[in-house]
Protein chains: 2
Amino acid sequence: MNGAESLVRTLVAGGVEVCFTNPGTSEMHFVAALDRVEGMACVLFLFEGGATGAADGYSRVADKPASTLLHLGPGLANGWANLHNARRARSMVVNIVGEHATYHRQYDAPLTSDIEALAATVSAWTRTGASALEVAADGAAAIQAARTAPGRIATLILPADTAWQPGSGVAPVPPVPERARAGEDAVAAAAAALASGEPALLHLGDRALRGQAKRIAARIARKTGAKLLAMTSNARIDRGAGEVPIERLPYPIDQAIAVLAPYRRVILVGATRPVGFFAYPGKPSVLTHPDCETVTLATPDEDQIEALERLAEAVGAPGEIDLPPPPRPELPTAGPLGDDTIGRVLGALIPEGAVVCDESLTTGRNFFGATHGAAPHSWLQLSGGAIGVGIPMATGAAVAARGRKVIGLQADGSALYTAQALWTQARERLDVVTLIWSNRAYAILRGELANVGAHNPGPKALGMLSLDNPPVDWVSLARGYGVEARRVETLEAFTDVFAHALARRGPFLIEVAL
Amino acid sequence: MNGAESLVRTLVAGGVEVCFTNPGTSEMHFVAALDRVEGMACVLFLFEGGATGAADGYSRVADKPASTLLHLGPGLANGWANLHNARRARSMVVNIVGEHATYHRQYDAPLTSDIEALAATVSAWTRTGASALEVAADGAAAIQAARTAPGRIATLILPADTAWQPGSGVAPVPPVPERARAGEDAVAAAAAALASGEPALLHLGDRALRGQAKRIAARIARKTGAKLLAMTSNARIDRGAGEVPIERLPYPIDQAIAVLAPYRRVILVGATRPVGFFAYPGKPSVLTHPDCETVTLATPDEDQIEALERLAEAVGAPGEIDLPPPPRPELPTAGPLGDDTIGRVLGALIPEGAVVCDESLTTGRNFFGATHGAAPHSWLQLSGGAIGVGIPMATGAAVAARGRKVIGLQADGSALYTAQALWTQARERLDVVTLIWSNRAYAILRGELANVGAHNPGPKALGMLSLDNPPVDWVSLARGYGVEARRVETLEAFTDVFAHALARRGPFLIEVAL
């Protein structure tokens, strides 16, 4: 058994069941080993950003790592942006990068680069395999690292000779440390903040946005008068009927400052401190009121649910909370095709168990509010600001969520970064409906020009924000990748085609003219 | 005048006339400044790999740098693979990467990453702007670095506040050092190698493949009996009727070893030592015969033409060489549509002054030999092995070569990495004809599986090399990006449609069924 097969068997034994890949020469032994080992699905992408975005989406749904298999420095670089998003989502990824044979690197062949330095810029754990006999143990250590809270990118660099020389067989995965317990002082400080009489906010992120955590947070809120607020971007929120509804901190900086202005105590639970997504001239980086005290109950590394339970006990909010069934949104029957009506269609039609992958940006800012009462579903967002995660993330989510419907809410400019992943959806017959918000512009940047103080933009500047010359034809693009597609220009057509797409199986794309 | 405008004016004053970009919020002041400054064209891409590949193609044709404008770490990462190719081609690139405002970085907002560490993995020169007053001088230093032989990637990281605060105005570009002169000992060693009586090879790369250098090399070869051979991958060869024909070292390792086997002296002129593109079990990394001595006449940093002149003098080969006009290839009129006939069509139809951007990989291995006698043209290749350079490189070459025809010879698997650049060709109405070799496979990897000793591949492994499920429809893809396209399945149709595409203006794509 060579090093590659030892590694693949170690991955499978360690619970890694999928490999998202675009392989090259140096990875051929790993690829060949996949045929000799049961239990590892191998999903091909036309571009590595698809593979890494899929690994992100998979981890968010499955709560376990997938592996990737990328081709040397350029393959890693092509996957970097969505690894960055995965890192910000605290996804678990066993990121495997092929490399020249150990003895070949010294010759500086054309594909040579400093892969380890490149990997370190996006990985919490990086190791280069030193020999075929050790590479299974390296893989086991990578699984351990990826699974360590809060979820990490573990990059194993695999020189070709460590794959083709005789290996060790399976290596066991070392024990994964439990999530740390929040300190007593953190619980006491949070309880004191809530008892201060000052307006208080529980700011939730990470695991504090799963169903059980939100229910505990809601008890605390009801008891103390504190408000609940999710972060702007979140890896996954389980929501819809039966779940505690929660709003998010708005993205636009003035709105975010206004939402936070009333609070003098902010308690972070799996969330990070609210700061501007960007800096803007004359506006603060920290978005809370200058007189606001910020207290951390539990970091993303810590057990947020257990910490919330202790806080609930400390403030005297035991028991369970009754959630009144929210009103199920009704289908709008008339009106223009726009944010408001689209949000209501989503609220009415999102099916139970769906996974919504949201890279809507400007278009989708009211969709979240319009879908609190939808059937129970999970909502995944662009987490690291590196656009181009949506179609790949939906692809990986669909691999993890076989039997559940995946719905992509997709800004057009962002979708154009990694549209190749549509081909993988067709190849794997994945059950993904992608809704493209076709406004043919980098609409977000039109607002940002003014926000950063670049007033009176001229034709060159405005031209850089416009995608209408020529207009991108999404129906043609999707068909080019083997995915059925339709363009809709009215509310009636959108509702009909979306309902049709949800009722059938397999990938479908709807270009929604805005 | 703010920092951004000071920087843009410095770039224009320093001879940088084009910016290839996909900008974001942190780059809005730079974008806004473009409207206030004459002389900087701004070319938008839907993905940063298009922008960096275009900068590579531009530099190879124009022999001067373009600038890029990329959005923080993810934008740089998306452009990394084609910067790697540009680095290997020794292209000059002023690579500008936006960054959070200096005071905002400490807050670790979602898009934050270690841009400097990332940039250093692909740049010869990296600097982060410290203040708006210094950023014009930083830009001038970047131009100097990019123009320093042999051509470099210079990355300037531009924090948003260094763009929006008051700047210094234009900064002058410091003098660019002349190319170093090859040492006397190097010329003497090369002359001695040629006088040894052993079979000798002049191995040419970089500027030694331009017309004048090849003519000097041909004189030396005629006088001494040495052979000429280009590297496997080259940034640019000027060739066709009137130029010295030269073959390239083959890519497949067994063929490369066989070609080099007769030689006991190899003299490098702008070339690097011939080594395997990859390592293969049981095969050497260094491809020359074990008894071969390798001598360096001139490194890529040095003046290769001047060194060749001195070598010619040392071996007594003065004067000019007469080049018999090569036979102009004739159009094949019958036969199957395949490598042989396509090569002959190219030889007959490549128009004078054309720029050929070659990312053909397996399909195109005989095209070079079939086009020695074509009308004079330049031939640009994938230089760093990071696939996905072709369509972007052709786009940048077309910006540099307005009035000349650009022809892309394009493997389908590689084209799918960065096909978005077709949209830029349509937007800029660039005169590019892209020929897609549609074999619907990573054909190169089929051979590599066996080469690395992964015999008897199973269905999973073979599935990873196949692009036919579903088949990619290139006519739909191209139309989706606004580029006219046709699919051809016979030699007659290929010849007709290619001739038609050459005769018209603007981008056109031909999917060639293989």
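What you are looking at is a predicted structure, and each value in this text was computed from that prediction instead of being measured.

## Some points on the packing of aromatic side chains
Then, in step 1: Under the counting rule described, the total for this entry stands at 17 aromatic pairs over all chains.
Then, in step 2: Here Phe20(A) and Phe45(A) contribute two aromatic rings whose centre-to-centre distance is 6.0 Å and whose plane-to-plane angle is 65°, an arrangement assigned as edge-to-face. You can see Phe20(A) sitting in strand E1 (residues 18-21) and its partner Phe45(A) sitting in the loop between strand E2 (41-44) and helix H3 (48-62), a full 25 residues away along the chain. There is no split in this pair, since Phe20(A) and Phe45(A) are both buried.
Then, in step 3: Site record: aromatic cluster; members linked through ring pairs are Phe47(A), Tyr417(A), Phe47(B) and Tyr417(B).
Then, in step 4: For Arg239(A), the ring lying beneath its charged end belongs to Phe368(A), and the centroid distance is 3.7 Å.
Then, in step 5: Positioned over the ring face of Trp379(A) is Arg239(A), at 4.8 Å from the centre of the ring.

## Concerning the domain arrangement of chain A
Residues and elements named next belong to chain A.
Then, in step 1: Here chain A is partitioned into domain 1 (3-164), domain 2 (184-314) and domain 3 (339-513).
Then, in step 2: Taking only C-alpha atoms, the centre of domain 2 and the centre of domain 3 are 28 Å apart.
Then, in step 3: On the side of domain 3, 22 residues touch domain 2, which itself brings 21 residues to the contact.
Then, in step 4: Sorting the residues of domain 2 by area buried against domain 3 places Arg239, Arg248 and Tyr280 first, and these three jointly supply 35% of that buried surface.
Then, in step 5: Seen at the junction of domain 2 and domain 3, the total is 14 residue pairs in polar contact (both at pLDDT 80 or more).
Then, in step 6: In the side of domain 2 that touches domain 3, the residues fall into eleven nonpolar, four polar and six charged.

## Side note on helix H12 (residues 339-349) of chain B
Then, in step 1: In terms of residue burial, H12(B) counts as a mostly covered element, since eight of its eleven residues are buried.
Then, in step 2: Against strand E14 (406-411), strand E15 (432-438), helix H19 (491-503) and strand E17 (508-513) of chain B lie the buried residues of H12(B).

## Quick notes on the packing of helix H1 (residues 3-13) of chain A against helix H6 (residues 135-147) of chain A
Residue and element names in this part refer to chain A.
Then, in step 1: Between H1 and H6, the shortest axis-to-axis distance is 8 Å and the interhelical angle comes to 30°. Between H1 and H6, the crossing angle belongs to the class labelled roughly parallel. Taken as a pair, H1 and H6 cross one another with a handedness that is right-handed. In this structure, H1 contributes Gly3, Ser6, Leu7, Thr10 and Leu11 to the contact, and H6 contributes Val135, Ala136, Gly139, Ala140 and Ile143.
Then, in step 2: Considered class by class, the residues forming the contact of H1 with H6 number six nonpolar, four polar and no charged.

Conventions we followed
Residues numbered from 1 in each chain as written. Chains lettered and ligands numbered in written order. Predicted model: local features only at pLDDT ≥ 70, side-chain atom pairs only at ≥ 80, totals over all residues. Heavy atoms only, no water. Phe/Tyr/Trp six-rings, centres within 6.5 Å; stacked < 30°, edge-to-face > 60°. Helix = DSSP H or I, 4+ residues; strand = E, 2+ residues; numbered from the N terminus. Buried < 20%, exposed > 50% of the residue type's maximum accessible area, 1.4 Å probe, protein only. Lys NZ or Arg CZ within 6 Å of the ring centre and 35° of its normal. Domains from an automatic or database assignment. Contact = heavy atoms within 4.5 Å. Buried area = accessible area lost by both parts, 1.4 Å probe. Polar contact = N/O pair within 3.5 Å; in protein donor to acceptor, adjacent residues only side chain to side chain. Nonpolar A, V, L, I, M, F, W, Y, C, P; charged D, E, K, R; others polar. Axes fitted to C-alpha atoms, helices over the stretch in contact; angles between N-to-C directions. Parallel < 35°, antiparallel > 145°, perpendicular 65-115°, else oblique. Left-handed = near helix turned anticlockwise from the far one by under 90°.

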